[in-house]
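# Secondary and tertiary structure notes
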Amino acid sequence: MRRKLAAGNWKMNGTTAALSELEALTRAFPSPTVDVLICPPATLLHRAAEAVRGTGITVGGQDCHAATSGAHTGDISADMLVDAGANTVILGHSERREDHDEQNEDVRAKARGAMDAGLKAIICVGESLEQREAANTLEIIGGQMSGSIPDQSTGENLIVAYEPIWAIGTGKVPTLNEIGEVHDFIRARLERRFGEGVGRSVRLLYGGSVKPSNAAEIFGVSNVDGALVGGASLKAADFSGIVEALEKT
Ligand code: PGA
């Protein structure tokens, strides 16, 4: 059985005051029956880890460098994320791929570094609107998976997030059939590459405009094991609705 996961990505949002949202979330879910993860900006990570200590909620990073240390001004290593209290890191988010020109091989190197440090890696894949309209979605996702997911992946250390770029922060969501088609494709590909045992144990998240009002139907789609949530993870009240929907799935 794959454990369900509700993951929040705060992106470049949140200063000290935002920790009160995390505290509200811990009060709402003292012992959630699904995994609940919040990925705040790196500046808040250590304090966020302290805020959730002893609860079922965990914290993660939004990116890491592939190397463990060295002359890389401004970067953060996976070991540093672990030291700050993270157990997971988001890698290859489309905003990183776009803003920082991250290629599949960069994402793969980062994922290796993260897994070597003992982190779970949420590797993001997803097509642009042009690619979907040209009916290239599965080809794009397949290429991103081959290029970005390292060989050392297991059901424990790998989570794949399907995030259509055109659905992120736009309020647009693919149809349930479209989500199911991609998630089934990702599952089949993982089983082919890693074998059925591992392929079946990797958790698959959907991301892109998930909110309390659409979460339940999305969680009902086959091979959707949870969500990666941006905007609706910033407020405890919104994110709670998503966690509740996942608990009921
Ligand atoms: P959104 O972002 O929920 O605000 O659409 C999702 C994401 O980028 O992970």
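For the structure itself, look to the data block above.
The following refers to the structure shown. (Residues numbered from 1 in each chain as written. Predicted model: local features only at pLDDT ≥ 70, side-chain atom pairs only at ≥ 80, totals over all residues. Heavy atoms only, no water.)

## Side note on the packing of helix α5 (residues 104-116) against helix α7 (residues 137-148)
Where α5 meets α7, the closest approach of the two axes is 7 Å, and the angle between their N-to-C directions is 45 degrees. The angle between the axes of α5 and α7 places the two elements in the oblique class. Contacts from N104, E105, V107, R108 and A111 of α5 reach α7 at G143, Q144, S146, G147 and S148. (Axes fitted to C-alpha atoms, helices over the stretch in contact; angles between N-to-C directions. Helix = DSSP H or I, 4+ residues; strand = E, 2+ residues; numbered from the N terminus. Parallel < 35°, antiparallel > 145°, perpendicular 65-115°, else oblique. Contact = heavy atoms within 4.5 Å.)

## Topic: the environment of S20
Relative to the assigned elements, S20 resides in helix α1 (residues 19-28). Once the C-alpha coordinates of S20 and G56 are considered, the two residues, 36 residues apart in sequence, prove to be 17 Å apart.

## Points about the pattern of salt bridges
For the structure on display, the rule yields 18 salt bridges. A salt bridge links K110 to E102, with the shortest nitrogen-to-oxygen separation between them at 2.7 Å. The same class applies to K110 as to E102, namely buried. For R200, the salt bridge identified is with E191, shortest N-O distance 3.6 Å. What you see here is one network of salt bridges that share partners, running through D63, R96, E102 and K110. (Salt bridge = Lys/Arg side-chain N within 4 Å of Asp/Glu carboxyl O. Buried < 20%, exposed > 50% of the residue type's maximum accessible area, 1.4 Å probe, protein only.)

## Concerning the pairing of strand β1 (residues 5-9)
Burial of β1 is extensive: five of the five residues sit out of reach of the surface. By the bridge criterion, five bridges tie β1 to strand β2 (residues 35-39) in an arrangement that is parallel. Across the sheet, residue G8 finds its bridge partner in β2, namely I38. The handedness of the β1 to β2 crossover, carried by α1, is right-handed. Pairing of β1 with strand β8 (residues 226-229), which is carried by four bridges, proceeds in the parallel orientation. Note on β8: the bridge partner recorded for A6 is A227. (Pairing = 2+ DSSP bridges. Right-handed = clockwise from strand over helix to strand, strands pointing away.)

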